[in-house]
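Working through the structure, step by step
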Amino acid sequence: MFNLYRCFQIPFYIFTIHEKNILVKILSIQALRGPNIWSVNRKKLIQMRLDLEEMEQLPTDKIPGFRERIEAMFPSMVEHRCSEEVRGGFFMRVERGTWMGHVIEHIALETQSLAGMETGFGRTRETKTPGVYNVCFSYVEEKVGLFAAESAVRIAEALIKGEAYDLQADLKKMREIREEVRLGPSTGSIVDEAVARDIPWIRLGTNSLVQLGYGVNQMRFQATITCKTSNIAVDIACDKEDTKKMLDAASIPVAKGDICVDEEDLQKTIDRIGYPIVIKPLDGNHGKGASINVVAWDDAVAGLAHAKKYSRRVIVEKFITGFDFRVLVIDNKVVAAAQRVPAHVKGNGTNTIQELIDTENKDPRRGYGHENVLTEISVDRDTTDLLDKKGYSLETVPAKDEIVYLKSTANLSTGGTSIDVTDLMHPENIFLAERIARVIGLDVCGIDIMAKNLTQPLKENGGVVLEVNAAPGFRMHLAPSEGLPRNVAAPVIDMLYPPGKPSRIPIIAVTGTNGKTTTTRLLAHIVKFNGFKVGYTTSDGIYVQNHMLEKGDTTGPLSAEYILKDPTVEFAVLETARGGILRSGLGFSRCDIAIITNIQEDHLGLSDIHTLEDLARVKSTVVKSVKKDGWAILNAEDAQCLEIAKSLSCHVALFSMNEHCDAIVNHCRAGGIAAIYENGFITIKKGDWKIRVEKATHVPLTMGGRARFMIANVLAATLASYLYGFKTEDIKTSLTTFIPGAAQTPGRMNVFNFKKFNVMIDFAHNPAGYLGIEEFMQSVQSPHKVGIIAGVGDRRDSDIRDCATIAGRMFDHIIIRQEKHLRGRTEEEIIGLILEGIEASGKKVSYEIIPKETEAIKHAISSAKEGTYIVALSDVVTNAIDIVQQYLDKEAEEGVTA
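Criteria and thresholds
Residues numbered from 1 in each chain as written. Predicted model: local features only at pLDDT ≥ 70, side-chain atom pairs only at ≥ 80, totals over all residues. Heavy atoms only, no water. Helix = DSSP H or I, 4+ residues; strand = E, 2+ residues; numbered from the N terminus. Buried < 20%, exposed > 50% of the residue type's maximum accessible area, 1.4 Å probe, protein only. Contact = heavy atoms within 4.5 Å. Areas by Shrake-Rupley, 256 points an atom, 1.4 Å probe, with all protein chains shown as cover. Pairing = 2+ DSSP bridges. Expected span 1.5 Å × (residues − 1). 1 Å grid on protein atoms, 1.4 Å probe; cavity = no way out; pocket = protein on both sides within 12 Å on 5 of 7 lines; lining within 4 Å. Points joined across faces, edges and corners; volume = space filled by probe spheres on them. Nonpolar A, V, L, I, M, F, W, Y, C, P; charged D, E, K, R; others polar. Polar contact = N/O pair within 3.5 Å; in protein donor to acceptor, adjacent residues only side chain to side chain. Axes fitted to C-alpha atoms, helices over the stretch in contact; angles between N-to-C directions. Parallel < 35°, antiparallel > 145°, perpendicular 65-115°, else oblique. Phe/Tyr/Trp six-rings, centres within 6.5 Å; stacked < 30°, edge-to-face > 60°. Lys NZ or Arg CZ within 6 Å of the ring centre and 35° of its normal. Left-handed = near helix turned anticlockwise from the far one by under 90°. Salt bridge = Lys/Arg side-chain N within 4 Å of Asp/Glu carboxyl O. Core = buried A, V, L, I, M, F, W, Y, C linked by side-chain atoms within 4.5 Å.

**A word on the overall build of the chain**
Broken down by element type, the chain carries 29 helices and 39 strands. Its C-alpha atoms give the chain principal-axis dimensions of about 105 × 75 × 55 Å. Of all 898 residues assigned to the chain, the portion counted as buried reaches 56%. Within the chain, residue pairs in contact and separated by at least 24 positions form 68% of the contacts whose partners lie at least 6 positions apart. Summed over all atoms, the accessible surface of the chain reaches about 37,900 Å², with 51% contributed by carbon and sulfur.

**Structural notes on the sheet that holds strand 9 (residues 225-226)**
On the basis of which strands lie adjacent, the open sheet formed by 4 strands has the order 6-7-8-9 and antiparallel pairing. If you trace the sheet from one side to the other, it starts and ends with strand 6 (201-203) and strand 9, each paired once. As defined by bridge partners, strand 6 adjoins strand 7 (residues 209-212) across 3 bridges and the pair is classed as antiparallel. Note on strand 7: the bridge partner recorded for W201 is L212.

**Observations concerning the side chain of S734**
Looking at the secondary structure, you find S734 in helix 24 (residues 728-737). Note on S734: relative accessible area 0%, which makes it buried. Those residues in contact with S734 that sit more than four places away from it in its chain are H525, I526, F529 and N530.

**What to know about helix 26 (residues 797-810)**
With 14 residues, helix 26 should cover 20 Å at 1.5 Å per step; its first-to-last C-alpha distance of 21 Å lies within 8% of that length. Listed as buried for helix 26 are D799, I800, C803, A804, T805, I806, A807, G808 and M810.

**Structural notes on empty space enclosed by the protein**
Throughout the structure, instances matching the rule amount to 3 cavities of 30 Å³ or more. Its volume calculated, the second largest cavity comes out at about 70 Å³. Around the second largest cavity, the lining comprises 15 residues; the ones closest to its centre are T555, G556, P557, T576 and G587. Counting residues per element, the ones that place at least two in the lining of the second largest cavity are helix 18 (557-565), strand 27 (571-575) and helix 19 (578-584). Taken together, the residues of the lining of the second largest cavity sort by class into 7 nonpolar, 7 polar and 1 charged.

**Digging into the side chain of S656**
As for its position among the elements, S656 is in strand 30 (residues 651-656). In this structure the side chain of S656 is engaged in a polar contact, spanning 2.9 Å, whose partner is the backbone nitrogen of N658. Among residues more than four places away in sequence, those in contact with S656 are A636, E637, C661, I664, A675, I676, Y677 and L715.

**Focus: the pairing of strand 32 (residues 681-686)**
Successive residues of a regular strand alternate their side chains across the two faces of the sheet. Two elements, strand 31 (residues 673-678) and strand 32, share 6 bridges in a ladder whose sense is antiparallel. Counterpart to A674 in the pairing with strand 32 is K685. Connecting the antiparallel pair strand 31 and strand 32 is a turn made up of 2 residues, with N679 showing a positive phi of about 50°. As paired strands, strand 32 and strand 33 (residues 689-695) are joined by 6 bridges and run antiparallel to one another. Across the sheet, the residue bridging to K686 is W689, located in strand 33. Once strand 32 ends, the chain turns through 2 residues before running back antiparallel as strand 33, passing G687 with a positive phi of about 60°.

**Concerning the environment of P342**
By the secondary structure assignment, P342 is in the loop between strand 15 (333-341) and strand 16 (344-346). Among the residues examined, P342 registers a relative accessible area of 18% and is labelled buried. Spatially, the C-alpha atom of P342 lies 5.6 Å from that of T409, the residues being 67 residues apart in sequence. Those residues in contact with P342 that sit more than four places away from it in its chain are Y405, K407, T409, A410 and G416.

**Observations concerning the packing of helix 25 (residues 767-777) against helix 26**
Two quantities define a packed helix pair, namely the angle between the axes and the distance from one axis to the other. Closest axis-to-axis distance for the helix 25/helix 26 pair is 9 Å, and the angle between their directions is 5°. Here helix 25 lies roughly parallel to helix 26, going by the angle between them. Counting all contacts with helix 25, which are made through P767, Y770, L771, I773, E774 and M777, the residues of helix 26 involved are D799, D802, C803, I806, A807, R809 and M810. Its residues assigned to classes, the contact of helix 25 with helix 26 comprises 9 nonpolar, no polar and 4 charged.

**Remarks on the sheet that holds strand 21 (residues 444-451)**
Strands pair in a sheet through their backbones, by hydrogen bonds, and they do so in one of two ways: parallel or antiparallel. Taken in spatial order, the 5 strands make up an open sheet running 20-15-14-21-22, and their pairing is antiparallel. Each edge of the sheet is formed by a strand with only one pairing partner; in this case those strands are strand 20 (417-420) and strand 22 (464-470). Mean inter-strand twist for the sheet, computed between neighbouring axes without regard to direction, equals 30°. In terms of strand pairing, strand 15 meets strand 20 through 4 bridges, oriented antiparallel. Paired with R340 across the strands is S418, a residue of strand 20.

**Quick notes on the packing of aromatic side chains**
Tallied over the full model, the rule gives 9 aromatic pairs. On the basis of an interplanar angle of 80° and a centroid distance of 6.4 Å, the ring pair of F532 and Y724 is categorised as edge-to-face. On the criterion of sequence distance, the pair formed by F532 in the loop between helix 17 (516-529) and strand 24 (534-537) and Y724 in helix 23 (residues 708-724) is long-range, its members being 192 residues apart. Since its relative accessible area comes to 24%, F532 is described here as partly exposed. A connected cluster of aromatic rings, assembled from ring pairs, spans F532, F571, Y724 and F726. Across the ring face of F147, the terminal group of R154 is positioned such that the distance to the ring centre comes to 5.6 Å. In this arrangement the basic side chain of R617 is found over the ring face of W38, its NZ or CZ atom lying 5.9 Å from the centre.

**With respect to the environment of Y392**
Locating Y392 in the fold gives a position in the loop between helix 12 (381-389) and strand 19 (403-405). Taking C-alpha positions, Y392 is 76 Å from T611, a pair spaced 219 residues apart along the chain. Discounting chain neighbours no more than four positions away, the residues touching Y392 are I353, L387, E402 and V404. Side chain to side chain, Y392 and E402 meet in a polar contact 2.7 Å long.

**Here's the deal with the packing of helix 26 against helix 27 (residues 827-840)**
At a closest axis distance of 7 Å, the pairing of helix 26 and helix 27 adopts a crossing angle of 50°. Between helix 26 and helix 27, the interaxial angle falls into the category oblique. Here helix 26 and helix 27 pass one another in a crossing that is right-handed. Contacts between helix 26 and helix 27 involve D797, I800, R801, A804 and T805 from the former and I830, L833, I834, E836, G837, I838 and A840 from the latter. For the contact of helix 26 with helix 27, the class distribution of residues is 7 nonpolar, 2 polar and 3 charged.

**Remarks on the pairing of strand 3 (residues 45-51)**
The buried count for strand 3 comes to 7 of 7 residues, which makes it a mostly enclosed element. With burial as the criterion, each face of strand 3 is covered, one bearing L45, Q47, R49 and D51 and the other bearing I46, M48 and L50. The sheet contact formed by strand 3 and strand 5 (residues 132-138) spans 7 bridges and is antiparallel. The residue of strand 5 that forms the bridge with Q47 is C136.

**Observations regarding the pattern of salt bridges**
Taken as a whole and assessed by the stated rule, the structure comprises 48 salt bridges. Taking the shortest distance from any N to any O, the salt bridge between D61 and K62 comes out at 2.7 Å. Classification of D61 by relative accessible area gives partly exposed; the value is 29%. Ionic pairing is found between R67 and E95, a salt bridge with its closest N-O pair at 3.1 Å. Here the residue R67 occupies a position in helix 1 (residues 66-73), and E95 occupies one in helix 2 (residues 89-96), the gap between them amounting to 28 residues.

**Points about the nonpolar core**
Nonpolar side chains tend to gather and get buried jointly when the protein is soluble and globular. Counting residues in each nonpolar core, the largest one holds 72 residues, and the members touching the most others are I633, L719, L723, Y770, I773, F776 and M777. Take this core: its biggest share by element is 11 residues, from helix 23. Not counting the four nearest positions on each side in its chain, F776 is found in contact with M703, R706, A707, M749, M760 and Y869. The next biggest cluster of nonpolar side chains, apart from the first, holds 50 residues, and it includes I542, L604, A632 and I644.

Dropping the structure here:
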């Protein structure tokens, strides 16, 4: 188990600080994206592994001036309460002495907050390796969090040395990274609304394409284009000419004008509609390439040339005086309206226009890109053209209270502001806007109107519709400069997920040391039998409806996400291994049911997992992610499982091969539900009631009831199926129709029956797995039992020896092969440990060494005597299965020929 960072009295040391002995080494940095060992609720965490080296002997109180320097650089850290639970608590810890990993955690959190990404969860824990710490902290944007991790180490080193550090440069870089990777304000608002309604979401790629919900219940959107948006409607809205014609035909007021491609067309249009005019690209957006209130031929020609930089065809319309309004219609209902004001400054009779722009950009509401409510005002050609028309330049000093417009359009992206006018709209204009959305066919529709106001019908005040926009921005409505903010994301979610429509699909997650894959496959079979299109992940591949889509060990979060992104999947069964949990967290936000098959010694000594308690902490992440009214299914004979049960907030059910074990008796006496093996039956027990599902000998997976560990897997799957709500009759039929074999359960007790001998292939790779095979082999009648075994280099010496000892007890002859998975050891070293284990079995066993697995299997088959039972305990089951199948096919062909 990880130790809490130390906070006891620190011995007094005297050190001379040299640059060479204050380096903090980053060993690794990883991003956790789902429920994890640190927190199942805080899914977005950075975990950084640090080696403090000599700094392990230098807590902060032994570094002269450190407290003063860090407080000077980060005065706002006074708000970090830390474990002291008081304002200034962290500085108190620094004063008393704390380790540099803890300091780096707080720096990483504070720099993100200073860069505008407020976040505050952190933990620092020492590992079993002296001086090595895991530093964990939350993030808003993953790439910013990764940068903050490295930045925090650099800052800490500078503070230790007393060197100057350019903090603002790092903060600027963080903001730039955020703008590159963050969701836009419109997309972000829809995601936030979905999260508030407990709707899961997945970002598809690096742009603004987002999936809401899981599997068959998913909905997708990009910016404000949804999966319900008509492609034809978008095409119409993007073609300003077609839009204008359709609106005009529907008696909706539009500005007079035409399409121009050259100066001849421009002259004809001006002759017909007269000045003043507006010139804009036919395919433009965000006001790019537009020139307004053009009143002279030379300016018109220049405006035509400017617009053609963005579009070959240019629209020329009569300039309508009035105010610029945007009306937002979602699902054919007006949800917001805003008056848009172009970027401008207000003169004071003292400062130049440039100085006024600089002052305006200091407004805390303004920021880079979309980081704040308003965007900084930039100076471009549009700005200089407008100033030229007034005879102004950036050095002009406007009169007091004079309004100087800096942009010809009122887009927020160019520095404009907005005023909410939703409640001021005349009912006639609401009717008009909702009708426009239907005429064009857009589910999310932004309508640009030029009019004196929206309180009067447009037909009365001479207002016109300028444009209809697909994918309209929400920022002006979410956070107007004046007036009420409007939650315009809510009606989008209402449209995508009307009352009663689910966003999730059922998820059953399976974890444990042994039996995960078999339990997962059996559950998937039961789910499929009950009429669901099931997607499942296993250690050998990703499947949808028994079709393998990806091959390999797919028990991590990316594989889980693969299933949840599949639009055909109605039910997910996800094998969840420890490696993925440690690497990135879970691939789902929560599940309906989770199973821990058992917690046995395996992979210990890796990734800071040294004891069964450490391993249990990792596995518990899965059951802790179960929804409150869901079920955690735990092994009643496993002490670690029973300990985990005490910390769960969901319902708990148990399974056991022994109906009389204390945990089962007490659990059922309290009214709990369990699955037990009693009198040869797979049985559900509720309180004192028993529901016998099927006799174990009738379930093919149990090998006629001889494979007790398989019966345990059946109990877990049966209990999960029952708790989900499947009928016992359907569960019974599913159990009896699940036929184990190389195709259905590869590497799980796959038996190949030759004429004179048998071969079994199994994935057993740890002492608990070997014990299960040993128990089964006791029921096998054979005069000569041959085992093919190997060791795995990253296991503990004791694990390799224990496996070999068990093999020595159950086999008469052992073939040792060792060509793969050395993982830092030599072949000779691993074989030596295996031989020590065989000798420790106390049984006289013959053995031979054949390094290559393929050759070992071929040799065993070729030399097999009548009645021999060969067991290949393989870590690459597909290779072993293919070889054995080839020999079996060859025997069958020879039999036919004979």
